[in-house]
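Observations on the model geometry
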Amino acid sequence: MTTATASDVSGRSFVDRLKGYSPPSQVLPVLATFALLVGMFGVGSIRYEGFASPQVVLNLFVDNAFLIVLAVGMTFVILTGGIDLSVGSVVALSTMIAASTLRAGWPPTMAVLAVLVTGTTLGLAMGLVIHYFEVQPFIATLAGMFLARGLCYLISVESIPIKDETFQSLSAASITLPGELYVTPTVLISLLVVAIAAWVLHMTRFGRTVYAVGGSESSAMLMGLAVARVKVGVYAISGFCSSLGGLLFALYMLSGYSLHAVGMELDAIAAVVIGGTLLTGGYGLVIGSLLGVLVLGTIQTFISFDGTLSSWWTKISIGVLLLVFVVLQRFFTRREVS
Amino acid sequence: MTHMSADAHPSSGPRPGDAPSDIEPVVEMTGITITFPGVTALDDVSFRMFPGEVHALMGENGAGKSTLIKALTGVYTIDAGTIRVGGTEQQFAGTATAQAAGVSTVYQEVNLCTNLSVAENMMLGREPRRLGRIDHRRMNRRTREVLARLGLDIAPRSRLGDHPIAVQQLVAIGRAVDIEARVLVLDEPTASLDSEEVDKLFEVVRSLRSQGVAILFVSHFLDQVFAISDRMTVLRNGRLVGEHLTRDVTRLELVEEMLGRELEVLERLDREPSRQPDERRTPVLRAVGLGRKGALAPVDLDVYDGEVIGIAGLLGSGRTELARLLFGADASDSGTVELRGRRVHLRSPRKAVDQRIGFSSENRRSEGVIGDLTVAENMLLGLQAARGWLRPVPPRTRDQLVTKYVEALDIRPANPDALMRNLSGGNQQKVLLARWLIMQPDLLILDEPTRGIDVGAKAQIQQVVDDLARDGMGVVFISAELEEVLRLSDRLVVMRDRHKVDEIPNVQTTTADLMAIIARDEEVARA
Ligand SMILES: Nc1ncnc2c1ncn2[C@@H]1O[C@H](COP(=O)(O)OP(=O)(O)OP(=O)(O)O)[C@@H](O)[C@H]1O
Ligand SMILES: [Mg+2]
């Protein structure tokens, strides 16, 4: 007999045991991703000269700023148990709208506004269809994907260069850090988006309801939570993030083109999953998605450092990683259940 | 609910609702009809509640209790009738709008998000905020306070899913009682609670009642209903059969009104001496020193054919943990298990099923209901899986088995092709139980098999278990209801504080004896 020195008889031991619960860790999968990242850098620095330099790390952010923003929006959607296949096309559409409006002489702020409004509206529309007509997110956003890509061609089949001065100077701008390092403004924007998203997801009612809906939509409904607002809202957020990501991509490429960002939605989804977010919803952290993007970026860096590897290795390694992570997640969820 | 004694009638204090003529009802539902394809779930039902009363809604499984509640809160739209809350006609659009009008509800199954923290599950939707930012500090503090009233001291930040179902149920109750409500609806809130928790809940309910809150209470535990309610409304087959002051009816009358017939099978089941264990035989299952760190101290247990072992103990005493270890649902880290004298290593439920062990878990709903399959399919799932998919159960046998158990457990609607999700909570439970009974395992572990099941069906289930044991099945029977354990068991194992503290043959044992054993160890520990 263990020594329960309870003065009341009310199943004390039971209570005691419960007190010992530490908060369960959502952090674990994120740590796994982080460890993977560090491991990859370890291997890289052994194999290639100059791989583990600070600027290489920073370049991961520079080259993937747009993908980070997309992954943030995708995280919101996946946390509710949904999926958004339209993001790649919306990126392309955004570059097109930016490039064509700028060519038509719009002031840059108006062009930016037009892009953001279009993307957000498109996301909102998909959200409304998904929630109110009970259409599968997969189908609704697949339609959105075709629609956005189609609209690109409607604007132009050709690539449109961006010659606007503001855009050009922004594109060329860099922020020098101590130690002869630099980042671009787009990096700051993407990190700001990550920070805001993390804050919203953890500190606001909207954010917590996102998790609730992902955990169990019917329960959230019976708890009297604003399920409709959240379910529609996450697609609007993803739409906004895609268009913002599109703008960053436009700055990166300095052109608008219908064939930009083909398949980028899959990169975003891969990043989110590798970052530890469960595809079934309810579990995941936005910081994980950031790490997921960095993992994808590191794979690319590997390939470019190696020089002999074909770029197909990127896809192959992403595929393998995805598989490993999904299997790991299965393990996690199994353990949760029992 | 074995004894039909009428001595539990509370008779203290002034009874609210004595003079309804001069008090306005806070809820008044008139002529409510709700039809689902093929079923009239409610047929012209009227129902009213007065401020400051506890109103019990009674009826068998499938009588329409939950449906009436969902009509009130707007989860279902009504086909006919009117609903008035606080004097104004209302048609709520769902929990949120009902809540805004002062109707706070705990639905039958725990409807919370297991991926969120305890505090979030309690407070989300009305959590304290500052400039849009959730004040986690205050939220956690408030959660602690509310849970303390329910006698629960758990970390508000811990994840809900890490807690046993009873705790989750208390959190759901906490969520509802913390809302400033005029009407509090509790649909089977006590299904997975032990008497201690129930007492705490009743304290809270009484204090809310004295503040003028009207409380709607659904339970299949008659003791509880008589202990807490002032008035009751009885439904049968979707129709209203009566409204009474609780003190004006006896249990017998109530049960008759609910079932529409007399209840015969409630006497103590006869125990036959031949079913005392014979130490010379090999047991079906012999566990020696079976344990798991943090869950269960090493336990020895023998189960012989044709024997029902009852496991008694308070919530958290380790009774469910023992069941899970026996079945291999959790991995043990000490001890051995022998099946018919052969050492086995039960690494997974799958393995246990192969060895002809069955386990109906206390979380049957979340672990087994497949809403989109029919009743028959849900029932045969286990049998089919055990036979392997290459050897389908012959159609004739299927039909026979399904019909047999639909009848034996009184599943309603008695239609094997009904979709599982359209069954009432209690009837879903019965189907899941049937899934295991159909497989006729050598050893069947039943964790709270009669939870949420009405008085009539409960007796039937006990009868079925008894019959199976007579036919040679070994049964491990776990229930929070000591009367039930005593009625069925040949031998009793008492658990406390994750230890097996006693094992006695069930000869003339009473609930008082059992409680004494459980409490004795408290004394020892205290001394
Ligand atoms: N969505 C639905 N579709 C079809 N039939 C339904 C639906 N919901 C409930 N029913 C039927 O309505 C009847 C009443 O069910 P209800 O859930 O109200 O019973 P209950 O009194 O709460 O029973 P229990 O004690 O088992 O919880 C049952 O026959 C059930 O099968
Ligand atoms: Mg019910």
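Presented here is a report on the structure given in the accompanying data block. The shown structure was predicted, so the numbers you read here are calculated from the model rather than taken from an experiment.

On to the overall build of chain B, then. Within chain B, the secondary structure is distributed over 17 helices and 22 strands. For chain B, buried positions account for 58% of its 527 residues. Counted over contacts in chain B with a minimum sequence separation of 6, partners at least 24 positions apart contribute 69%. As presented, chain B carries roughly 20800 Å² of accessible surface, and 49% of it is formed by carbon and sulfur atoms. Across chain B, 66 positive and 76 negative side-chain charges occur, with their mean positions spaced 6 Å apart.

Residue and element names in this part refer to chain B. A sheet is described by the order of its strands in space; here four strands give the open sequence β14-β13-β16-β17, paired in antiparallel fashion. The open sheet is flanked by β14 (296-303) and β17 (342-344), the only strands paired with a single partner. Ignoring strand direction, the axes of neighbouring strands in this sheet form an average angle of 25°. In the packing of helix α9 (residues 319-327) onto the sheet, the strands contacted are β13 (285-292) and β14, and the crossing angle to β13 comes to about 115°.

Here we come to empty space enclosed by the protein. Residue and element names in this part refer to chain B. In this structure the tally under the stated criterion is six cavities of 30 Å³ or more. If you add up the space inside the largest cavity, you get close to 140 Å³. In terms of lining, the largest cavity is formed by 16 residues, of which the most central are Thr105, Val106, Asn111, Ala172 and Arg175. Where the lining of the largest cavity is concerned, the elements lending two or more residues are α2 (95-100), β6 (103-106) and α5 (165-177).

A few words now on the coordination of the magnesium ion (ligand 2). Residues and elements named next belong to chain B. Binding of the magnesium ion (ligand 2) to the protein goes through Ser66 (OG) and Gln108 (OE1), at separations of 1.9 to 2.1 Å. Here Ser66, found in helix α1 (residues 65-73), pairs with Gln108, found in the loop between β6 and α3 (118-123); they are 42 residues apart in sequence, far enough to count as distant. Residue Gln108 is classed as buried on the basis of its relative accessible area of 15%.

Inspection of every chain in the model, using the stated rule, returns 12 aromatic pairs over all chains. Judged by centre distance (5.1 Å) and plane angle (75°), the rings of Phe36 of chain B and Tyr76 of chain B are edge-to-face. On the criterion of sequence distance, the pair formed by Phe36 of chain B in strand β1 (residues 27-36) and Tyr76 of chain B in the loop between α1 and β4 (80-85) is long-range, its members being 40 residues apart. Aromatic rings pair up to connect Phe41, Tyr48, Phe51, Phe302 and Phe305 of chain A into one cluster.

Okay, the side chain of Thr184 of chain A next. All names here are of chain A. With respect to the element layout, Thr184 can be found in the loop between β3 (181-183) and α8 (185-203). A distance of 2.7 Å separates a polar atom in the side chain of Thr184 from a polar atom in the side chain of Thr186. The residues contacting Thr184, other than those within four sequence positions of it, are Val62, Ala173, Ser174 and Ile175.

Residue and element names in this part refer to chain B. What surrounds ligand 1 is a group of 22 residues, the closest being Ser66, Thr67, Asn422, Ser424 and Gly426. Contacts to ligand 1 include Ala63, whose backbone N or O atom sits 3.2 Å from an oxygen atom. Protein contacts shield 90% of the accessible area of ligand 1, which totals 640 Å² for the unbound molecule. Its residues assigned to classes, the shell around ligand 1 shows seven nonpolar, 12 polar and three charged.

With that settled, the discussion passes to the packing of helix α3 (residues 54-79) of chain A against helix α13 (residues 286-306) of chain A. Residue and element names in this part refer to chain A. Two elements in contact, α3 and α13, have axes separated by 8 Å at closest approach and are oriented at 135°. Between α3 and α13, the crossing angle belongs to the class labelled oblique. By crossing handedness, the relation of α3 to α13 is classed as right-handed. Along the contact surface, α3 presents Val56, Leu60, Phe61, Asn64, Leu67, Ile68, Ala71, Val72 and Thr75, while α13 presents Val286, Ser289, Leu290, Val293, Leu294, Leu296, Gly297, Thr298, Thr301 and Phe305. In terms of residue class, the contact of α3 with α13 is made up of 13 nonpolar, six polar and no charged.

What counts and what doesn't
Residues numbered from 1 in each chain as written. Chains lettered and ligands numbered in written order. Predicted model: local features only at pLDDT ≥ 70, side-chain atom pairs only at ≥ 80, totals over all residues. Heavy atoms only, no water. Helix = DSSP H or I, 4+ residues; strand = E, 2+ residues; numbered from the N terminus. Buried < 20%, exposed > 50% of the residue type's maximum accessible area, 1.4 Å probe, protein only. Contact = heavy atoms within 4.5 Å. Areas by Shrake-Rupley, 256 points an atom, 1.4 Å probe, with all protein chains shown as cover. Lys, Arg positive; Asp, Glu negative; His and termini not counted. Charge placed at Lys NZ, Arg CZ, Asp CG, Glu CD. Pairing = 2+ DSSP bridges. Axes fitted to C-alpha atoms, helices over the stretch in contact; angles between N-to-C directions. 1 Å grid on protein atoms, 1.4 Å probe; cavity = no way out; pocket = protein on both sides within 12 Å on 5 of 7 lines; lining within 4 Å. Points joined across faces, edges and corners; volume = space filled by probe spheres on them. Donors = N, O, S within 2.8 Å, 3.2 Å for Na, K, Ca; no water. Phe/Tyr/Trp six-rings, centres within 6.5 Å; stacked < 30°, edge-to-face > 60°. Polar contact = N/O pair within 3.5 Å; in protein donor to acceptor, adjacent residues only side chain to side chain. Near = heavy atom within 4 Å. Nonpolar A, V, L, I, M, F, W, Y, C, P; charged D, E, K, R; others polar. Parallel < 35°, antiparallel > 145°, perpendicular 65-115°, else oblique. Left-handed = near helix turned anticlockwise from the far one by under 90°.

The values reported here are purely geometric and, on their own, carry no functional implication.
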